Amino acid sequence: MSNFSVGFRSSGHIQILDLKGELDAHTASELEAAIQKCQGNNQVHILINGSSLMYISSAGLGVFMAYIEEIRENGGDIKIAALQPKVYNVFDLLGFPMLFDIVDSEDDALGKFESSNA
Amino acid sequence: MAVDTHTLTIPSSTSFLEEVREFVTSHATQAGFSEGAVEQMKMAVDEACTNVIEHSYEGKGGQPIDICVSSYPDKLVVVIRDKGLKFDRAAYKEPDLLQFAKSKKAGGFGVHIMRKLMDSVEYKNTGGFNECCMTKFRS
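In this report, we go over the structure that sits alongside the text. Per chain, the residues get numbers from 1 upward, laid out in the order the sequence is written. Naming scheme: in the order in which they are written, chains are lettered from A and ligands are numbered from 1. Predicted model: local features are reported for residues with pLDDT of at least 70 only, side-chain atom pairs are reported and counted for 80 or more only, and whole-chain, interface and lining totals are derived from all residues. The basis for every side-chain value is the complete set of heavy atoms in the structure, and neither hydrogens nor water enter the calculation.

**Here we look at the packing of aromatic side chains**
Residue and element names in this part refer to chain A.
- In this scheme Phe, Tyr and Trp rings, the latter by its six-membered ring, pair at centre separations within 6.5 Å, and the angle between planes marks the pair as stacked below 30 degrees, edge-to-face above 60, and tilted otherwise. All told, the structure shown has 4 aromatic pairs over all chains when counted by the stated rule.
- A ring pair is formed by Phe64 and Phe100, whose centres lie 6.3 Å apart and whose planes are at 75°; its orientation type is edge-to-face. Separated by 36 residues along the polypeptide, Phe64 in helix 2 (residues 58–73) and Phe100 in the loop between helix 3 (85–93) and strand 5 (101–103) bring together distant segments of the chain.
- Taken together, a centroid distance of 5.5 Å and an interplanar angle of 85° make the contact between Phe91 and Phe96 edge-to-face.
- Exposed residues in this analysis have more than 50% of their type's maximum accessible area, buried residues have under 20%, and partly exposed residues fall in between, with area computed by a 1.4 Å probe over protein chains only. With a relative accessible area of 0%, Phe96 lands in the buried category.
- Feature note: the residues Phe64, Phe91, Phe96 and Phe100 constitute an aromatic cluster, connected by ring pairs.
- Lying across the ring of Phe100, Arg72 places its NZ or CZ 5.7 Å from the centre.
- When the NZ atom of lysine or the CZ atom of arginine is within 6 Å of a ring's centre and also within 35 degrees of its normal, the charge is said to sit over that ring. Over the aromatic face of Phe113 sits the side chain of Lys79, whose NZ or CZ is 5.0 Å from the ring centroid. Helix and strand assignments come from DSSP, with helices taken as H or I runs of at least 4 residues and strands as E runs of at least 2, each series counted from the N terminus.

Here it is as structure tokens:
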């Protein structure tokens, strides 16, 4: 039984993905499928809400890495919000704040999409 | 001399990673490490086991992986043992984040993370087994 799930919501044309549980090499394919679903629906403005994400390993981080360039090439972005401190530490360990907008709250991320005329 | 040693054997499938994390969390906590240090060790062992599954056993299921946690007065040592392909140190390169994003690759950070989180990470090949030995000292 997988201890990970992705919930889909939207705010205007921003697609919000609510990540819940533990994201590892076993569950990373579920996040990948969720991002592919967004792409399939031409939704390239993706907001990751990590408030219920309790763990992430490099396999989970790798999914963001694998899609970010393609999404940006298509005029979109992946912004990451509301991470638990211990999960943020993992993003930080690999230098992700250099490459991604990682913000404190979902509202901050929505504001960033708005200010970039997304 | 080890104060306390516990071993878990799992088949080479990512579906057992959660069990590995619980095993490490439980014994590192019992050994008196801080929550932050336990988180680091849990993640390092997850990365090591993921590497064994994906690279050493090349994704082939049902192969044994032993995870042995030993608590000493000054440190915790975790040994991950498998019978798969040897880890090629010469082929390993430190990942560059920007290059990874451009190449759209999804992996390659495991060893980098293990080295950042643990005080030492050593690989050996003895008697047909690969051993990854990771140490965390008590601060």
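**Some words on the side chain of Asp46 of chain B**
- Position of Asp46 of chain B relative to the elements: it lies in helix 2 (residues 35–56).
- Those residues in contact with Asp46 of chain B, other than ones at most four positions away along the chain, are Asp24, Tyr55 and Ser57 of chain A together with Leu17 and Arg21 of chain B. We call two residues contacting when some pair of their heavy atoms lies within 4.5 Å.

**Quick notes on the sheet that holds strand 5 of chain A**
All names here are of chain A.
- Pairs of strands are assigned from DSSP output, requiring at least two bridges between the strands. The strand order across the open sheet formed by 5 strands is 1-2-3-4-5, and the pairing between neighbours is mixed. The outermost strands of the open sheet, each flanked by one partner alone, are strand 1 (4–11) and strand 5. Sheet twist, expressed as the average angle between the axes of neighbouring strands with direction ignored, equals 25°.
- Two elements, strand 2 (residues 14–23) and strand 3 (residues 45–56), share 8 bridges in a ladder whose sense is parallel. The residue of strand 3 that forms the bridge with Gly21 is Leu53.
- Axes, fitted as lines to C-alpha atoms, cover a helix only where it is in contact. Angles between the N-to-C directions of the axes lie from 0 to 180 degrees. Strand contacts of helix 4 (residues 106–115): strand 1, strand 2, strand 3, strand 4 (77–81) and strand 5, with the helix running at about 155° to strand 3, the strand carrying the most contacts.

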